[in-house]
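# A structural walkthrough
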Amino acid sequence: MPSDRLFLITGATGKTGAPTVQILLEAGHRVRALVHRADQRSEALAAIGAEVVEGDLLDFYAVSSAMSGVSAAYLCYPIVPGLLHATAIFAQAASEAGVEAVVNMSQISARREAKSRAAQQHWLAERLLDRAAFLTTHLRPTFFAEWLKWQWVRNDGEGVLPLPFGNGHHAPIAAHDQAGVIAAILQNPAPHDRQIYPLVGAEELDHYAIADKIADTLGIPVRYQPIDIPAFAAGMTARGAADFLVQHLSNVAQDYQDGIFAGENNLIEVITGHKAMTVADFVNANRADFEHDGSFALRDKLVHS
């Protein structure tokens, strides 16, 4: 029997939003998917039973309308200017609508002293949401496993990861595992109120070890090629990345080298009941994406071995 609870998912066509919609629908709930524009991705959500509405998170009236009748909501804002404005709108609209709980997508680099403007704004957005009466949970994931395919270069029978991460470590976390956490908390928010969860994957590795895991899975040579942060920033700018994003990525690359993204825990398993995906699991699930260059591949930064 369908649930009488209604969940609002923002960023609903994104890497965490889309699987969250699917998980909640499969659990028998009603889901309203807020999308920036209608496209094939939003049509796919409608096809599996989501109520799709178009709107901008910077439009108070659109967000208020989307919030009507909602039990709990997921807030996910892209790495572009406007997060604090969007969070204020979201908090006010949720409060007026009597929303019980909000799950907020933050990031592991969010802190008062962050040099990334986006990371510092995430910390401020957390503090803003903490002042609301509704239940609030903040998710701070380390780098997504999806980074491995976004920056991937497939070059003459080998794979290369040209990245500015030095010898730092992290445990790559798949977006689908994060969606499991989001859906679980939305359905049972009370135990998670005012919690800040650093979300990490199955195993902490440096990028040399990550390259080895990918190589073992794909059966081809794979190498990690460290590049310096200014070269990475220049490459991203040349590919058309906005200044705000480049400033963020440059500073979190330094954070990564300084250990901010490191750490292991079992929060994925505790909250969702299943273990986090390993690098091998992720690569196996996305093999087709490793047959070609990723969307942000910096091929011009390659040093041939």
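This is a predicted model, so every value here is computed, not measured.

### Looking at the overall build of the protein
The helix and strand inventory of the protein stands at 12 helices and 12 strands. For the protein, the C-alpha radius of gyration of 19 Å lies close to 19 Å, the compact-globule estimate for 305 residues. The principal-axis extents of the C-alpha atoms in the protein amount to approximately 60 × 40 × 35 Å. The 305 residues of the protein split such that 54% are buried. For the protein, contacts bridging at least 24 residues in sequence account for 76% of all contacts bridging at least 6.

### Focus: the sheet that holds strand S4 (residues 72–75)
Within the open sheet, the 7 strands sit side by side as S3-S2-S1-S4-S5-S6-S10. Their pairing is parallel. Edge strands, defined here as strands with exactly one partner in the open sheet, are strand S3 (51–54) and strand S10 (195–199). The sheet shows a mean angle of 20° between the axes of neighbouring strands, direction not considered. Direction of pairing for strand S5 (residues 101–105) relative to strand S6 (residues 135–141): parallel, over a ladder of 5 bridges. Considered in S6, the bridge of Met-105 is made with Leu-139.

### Brief notes about helix H10 (residues 243–257)
In this model, H10 (15 residues) spans 21 Å end to end at C-alpha, consistent with the 21 Å of a helix rising 1.5 Å per residue. A large share of H10 lies buried, amounting to 11 of its 15 residues. Listed as buried for H10 are Phe-244, Leu-245, Val-246, Gln-247, His-248, Leu-249, Ser-250, Val-252, Ala-253, Asp-255 and Tyr-256. Buried residues along H10 sit in contact with helix H5 (117–130), helix H6 (147–150), strand S9 (169–170), strand S11 (205–206), helix H8 (207–218) and helix H9 (229–238). Where H10 terminates, the next one or two residues include Gly-259, which has phi positive at roughly 95°.

### What about the side chain of Thr-10?
Counting through the fold element by element, Thr-10 comes out in strand S1 (residues 6–10). Judged by relative accessible area, Thr-10 falls into the buried class, the value being 1%. Reaching out from Thr-10, the side chain makes a polar contact with the backbone oxygen of Tyr-74 at a distance of 2.7 Å. The residues touching Thr-10, leaving out its near neighbours within four places in the chain, are Gly-17, Leu-34, Leu-57, Tyr-74, Leu-75, Cys-76 and Phe-90.

### Observations regarding the environment of Ala-190
Among the structural elements, Ala-190 can be located in the loop between helix H7 (175–187) and S10. Assessed through its relative accessible area of 52%, Ala-190 is described here as exposed. A sequence separation of 53 residues divides Ala-190 from Thr-137, and the C-alpha atoms of the two residues are 9.5 Å apart.

What counts and what doesn't
Residues numbered from 1 in each chain as written. Predicted model: local features only at pLDDT ≥ 70, side-chain atom pairs only at ≥ 80, totals over all residues. Heavy atoms only, no water. Helix = DSSP H or I, 4+ residues; strand = E, 2+ residues; numbered from the N terminus. Rg over C-alpha atoms; globule rule 2.2 N^0.38 Å. Buried < 20%, exposed > 50% of the residue type's maximum accessible area, 1.4 Å probe, protein only. Contact = heavy atoms within 4.5 Å. Pairing = 2+ DSSP bridges. Axes fitted to C-alpha atoms, helices over the stretch in contact; angles between N-to-C directions. Expected span 1.5 Å × (residues − 1). Polar contact = N/O pair within 3.5 Å; in protein donor to acceptor, adjacent residues only side chain to side chain.

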